[in-house]
Amino acid sequence: MLAAAPAFSLSAGNPHSLAQAVIAAEPTATWDSWKDDASRMAWWLEHGWQIVDGVKEGTERLVVDEAVVPSRENFNPLQINVVPREDNHIVRSIHGNQTLVLFSLSRCETLYQRYLVNQSATGAKNLRK
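Cut-offs used in this document
- Residues numbered from 1 in each chain as written.
- Predicted model: local features only at pLDDT ≥ 70, side-chain atom pairs only at ≥ 80, totals over all residues.
- Heavy atoms only, no water.
- Helix = DSSP H or I, 4+ residues; strand = E, 2+ residues; numbered from the N terminus.
- Buried < 20%, exposed > 50% of the residue type's maximum accessible area, 1.4 Å probe, protein only.
- Contact = heavy atoms within 4.5 Å.
- Areas by Shrake-Rupley, 256 points an atom, 1.4 Å probe, with all protein chains shown as cover.
- Arc of directions from axis to C-beta.
- Core = buried A, V, L, I, M, F, W, Y, C linked by side-chain atoms within 4.5 Å.

A. Looking closely at the overall build of the chain. For the chain, the count of helices and strands is four helices and four strands. Counting helices and strands in the order they occur from the N terminus, the chain gives α-α-α-β-β-β-β-α. Taking all 129 residues of the chain together, the buried fraction comes to 27%. Contacts in the chain between residues at least 24 apart in sequence constitute 65% of all its contacts with a sequence separation of at least 6. Taken as a whole, the chain presents about 8900 Å² of accessible surface, with 54% of it coming from carbon and sulfur.

B. A look at the environment of G96. With respect to the secondary-structure elements, G96 resides in the loop between β3 (90-94) and β4 (98-102). Taking the C-alpha atoms as reference points, G96 and L62, separated by 34 residues in sequence, lie 9.2 Å from one another.

C. A look at helix α3 (residues 38-47). Those residues of α3 that sit buried are R40, M41, W43 and W44. The arc enclosing the buried residues of α3, seen along the axis, measures out at 160 degrees, which places them on a common side. Residues A38 and A42 are exposed on α3 and point more than 90 degrees away from its buried face.

D. Region of interest: the nonpolar core. With 20 residues, the main nonpolar core has W34, W44, W49, L100 and L102 as its most contacted residues. Contact partners of W44, with chain neighbours within four places excluded, come to W31, W34, W49, P77, L78, P84, L102 and C108.

Here is the structure:
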């Protein structure tokens, strides 16, 4: 069986390959590095967590003020000192009828890198027009 490996080039003729190679470099997956990066934090506040209706039995309860009715529009996990773990999602029950999910930093880093690649591709596409 013959197999051919694709040829990759970082030449000036292919400007995206260098950007993608840099973006795909060693991921940053510590909370301190995320907090120090305004772009990552803006992405995380929008995409790094979610609140869903319903709770699976046995889900650990998150203690929040009973007057707080969290929703996607008015909730910020940073306000209650909940921070993501490096390798595991955090899943907590809120008031017994909602579930807060904080995605792991490793998952967020993967999704953030995809976001950067997509932004780069969109920018390059707009330059060609």
